[in-house]
Amino acid sequence: MVLHNAKRRQNEVVDTIMNYSSVLDGINVRSHAQTYSVSGCVLVGDSAHTINPLAGQGVNIGFKDEALLEVTCGQDLLSHQALRLYEQKQRPDNPVVQSGMDIFYEIFSNDLALVKLAINAVLKIADNAGPT
């Protein structure tokens, strides 16, 4: 009975936290939690927000989540006030990075010859710009 109640509570927490706004384009499924914490359960990284794997930015956002969580909450990790502060500081950045990676994905997966030519030209300029 105790295990059943714990499992039910776990499902309630997950249902409360997650709200998937999916963009289905191949393997590109994006989600962003409605809130990053409920009842002492904290979401960081892909559990709070997924991102297109292009450019490996998902791991960088996850590291930023963890670092900000540590700085914001410190020893008071499960304090409701500390967790709200963490979310207020981190939440606005994540959709910006998600959208940026979606734009890069759309640009780099484009089959239009003119777009491919422009991408190659910009990458060639960047490659030749190296350190001076």
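The notes below deal with the structure included here. For clarity, every value in this text was computed on a predicted model and none was experimentally measured.

## What to know about the side chain of His-49
Here is step 1 of the chain: Note on placement: His-49 falls in the loop between strand 2 (41–42) and helix 2 (57–73).
Here is step 2 of the chain: Looking at His-49, the relative accessible area reads 2%, which means it is buried.
Here is step 3 of the chain: Of the polar contacts made by the side chain of His-49, one reaches the side chain of Asn-94; its length is 3.3 Å.

## Digging into the packing of aromatic side chains
Here is step 1 of the chain: Summed over all chains, the structure comprises two aromatic pairs.
Here is step 2 of the chain: A ring pair is formed by Tyr-36 and Tyr-86, whose centres lie 6.0 Å apart and whose planes are at 50°; its orientation type is tilted. Of this pair, Tyr-36 sits in the loop between helix 1 (2–17) and strand 1 (37–38) while Tyr-86 sits in helix 3 (residues 80–90); the two residues are 50 residues apart in sequence, bridging distant segments of the chain.
Here is step 3 of the chain: On the accessibility criterion, Tyr-36 (1% relative accessible area) is buried.
Here is step 4 of the chain: Given the relative accessible area of 1%, Tyr-86 is considered buried.
Here is step 5 of the chain: Aromatic side chains Phe-104 and Phe-108 sit 6.3 Å apart centroid to centroid with 25° between the ring planes, which places their arrangement in the stacked category. With a gap of four residues between them, Phe-104 and Phe-108 both fall in helix 4 (residues 93–108), about one helical turn apart.
Here is step 6 of the chain: Take Phe-104: its relative accessible area is 41%, and that puts it in the partly exposed class.

## Structural notes on the nonpolar core
Here is step 1 of the chain: Counting 10 residues, the largest nonpolar core is built from Ala-33, Tyr-36, Leu-43, Ala-48, Leu-68, Leu-69, Cys-73, Ala-82, Leu-83 and Tyr-86.
Here is step 2 of the chain: Apart from residues lying up to four places away in sequence, Cys-73 is in contact with Leu-68, Ala-82, Leu-83 and Tyr-86.

Reading the values: the criteria
Residues numbered from 1 in each chain as written. Predicted model: local features only at pLDDT ≥ 70, side-chain atom pairs only at ≥ 80, totals over all residues. Heavy atoms only, no water. Helix = DSSP H or I, 4+ residues; strand = E, 2+ residues; numbered from the N terminus. Buried < 20%, exposed > 50% of the residue type's maximum accessible area, 1.4 Å probe, protein only. Polar contact = N/O pair within 3.5 Å; in protein donor to acceptor, adjacent residues only side chain to side chain. Phe/Tyr/Trp six-rings, centres within 6.5 Å; stacked < 30°, edge-to-face > 60°. Core = buried A, V, L, I, M, F, W, Y, C linked by side-chain atoms within 4.5 Å. Contact = heavy atoms within 4.5 Å.

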